[in-house]
Every structure is written in C-alpha cells, then in structure tokens.
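Architecture at a glance
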Amino acid sequence: QVQLVESGGGLVQPGGSLRLDCAASGLTFRLYNMGWYRQAPGKQRELVARIFSIGSTNYVDSVKGRFVISRDSAKNTVSLQMNSLKPEDTAVYLCHADHRTTMREYWGQGTQVTVSA
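This structure is a prediction, so every number in the text was calculated from the model and none was measured.

Brief notes about the sheet that holds strand 7 (residues 67-72)
Strand pairing in a sheet is mediated by backbone hydrogen bonds. Such pairs are either parallel or antiparallel. Pairing is antiparallel across the open sheet formed by four strands, whose spatial order is 1-3-8-7. This sheet does not close on itself; its edge strands, each paired only once, are strand 1 (3-7) and strand 7. On average, adjacent strands in this sheet sit at an angle of 15 degrees to one another, irrespective of strand direction. Pairing of strand 7 with strand 8 (residues 77-82) involves six bridges; the strand directions are antiparallel. Among the inter-strand pairings, Arg71 is bridged to a residue of strand 8, identified as Val78.

Below is the structure:
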C-alpha cells in the first residue's frame, strides 16, 4: 500500500520560512518523479515544484528563487524548503508521486501552510 505522508506545515509570518517533508512508503522511490502541489480556497490545484527520478527540477514561476525541492533516496523523502514566504503562498500543500514510465500516480493528504501577520 502506497502512502505519502506530509509534515511541516503551519502558520508563518510574511518573509518567514517553512520546510515541508513527505515520507513515501510502499513504492520503489527511485522510479518515481516527486512533486509538491498546492490548492488555495477557490483556486485550481497548481504544481509548485517537481523533482524527477533523475534529479532534475522545475518550479512554477511564482516560487523560483524562493523554494527549493530536494529528495533523499536513502530515506524515501522529498522536501520543499520555502523561504521569503508571501500571503499568496497560503494553501494546502500536497505531495505527489508519479511513476517515470507508467505514470501511475499517488497523492498525500496535504498539509496547511498559512502565511499571515
């Protein structure tokens, strides 16, 4: 049974930092591309950052230079370091995995990030 379990969300002031972690189990981690999506109330879910099985990354323009995605194959985790947070970053952040060839995908339950003074 595949599980993606997020942690690290919370309330932070504008300009602050948070680190999100996603622990993956039940899958062969090295074969999966991993990503972080977010969904704010009344908005569509959007891809924030993605790290491919080979290690390359991409980011949505609004977070470039502020967020960094990384993966640890020894621990089967993917992390999102978020710096210089803005109120518009407020959303539920969801961990995502997709197999690099079959494209079978899995989602985590999500973790709330709130950026507010």
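What about the pairing of strand 8?
The element strand 8 is largely enclosed, with a buried count of five among its six residues. Between strand 7 and strand 8, which pair antiparallel one after the other, the connecting turn spans four residues, and Asn76 there sits at a positive phi close to 55 degrees.

Looking at the packing of aromatic side chains
Each pair of aromatic rings is reported with the distance of its centres and the angle of its planes. Applying the stated rule across the entire model yields two aromatic pairs. The interplanar angle of 50 degrees and the centroid separation of 6.2 Å between the aromatic rings of Tyr32 and Tyr106 together place this pair among those described as tilted. Here Tyr32, found in strand 4 (residues 32-39), pairs with Tyr106, found in strand 10 (residues 105-107); they are 74 residues apart in sequence, far enough to count as distant. Taking relative accessible area as the criterion, Tyr32 reaches 7% and is therefore assigned buried. A residue is classified by how much of its surface remains accessible, and Tyr106, at 18% relative accessible area, is buried. The interplanar angle of 65 degrees and the centroid separation of 4.8 Å between the aromatic rings of Tyr37 and Trp107 together place this pair among those described as edge-to-face. You can see Tyr37 sitting in strand 4 and its partner Trp107 sitting in strand 10, a full 70 residues away along the chain.

Thresholds applied
- Residues numbered from 1 in each chain as written.
- Predicted model: local features only at pLDDT ≥ 70, side-chain atom pairs only at ≥ 80, totals over all residues.
- Heavy atoms only, no water.
- Pairing = 2+ DSSP bridges.
- Helix = DSSP H or I, 4+ residues; strand = E, 2+ residues; numbered from the N terminus.
- Axes fitted to C-alpha atoms, helices over the stretch in contact; angles between N-to-C directions.
- Buried < 20%, exposed > 50% of the residue type's maximum accessible area, 1.4 Å probe, protein only.
- Phe/Tyr/Trp six-rings, centres within 6.5 Å; stacked < 30°, edge-to-face > 60°.

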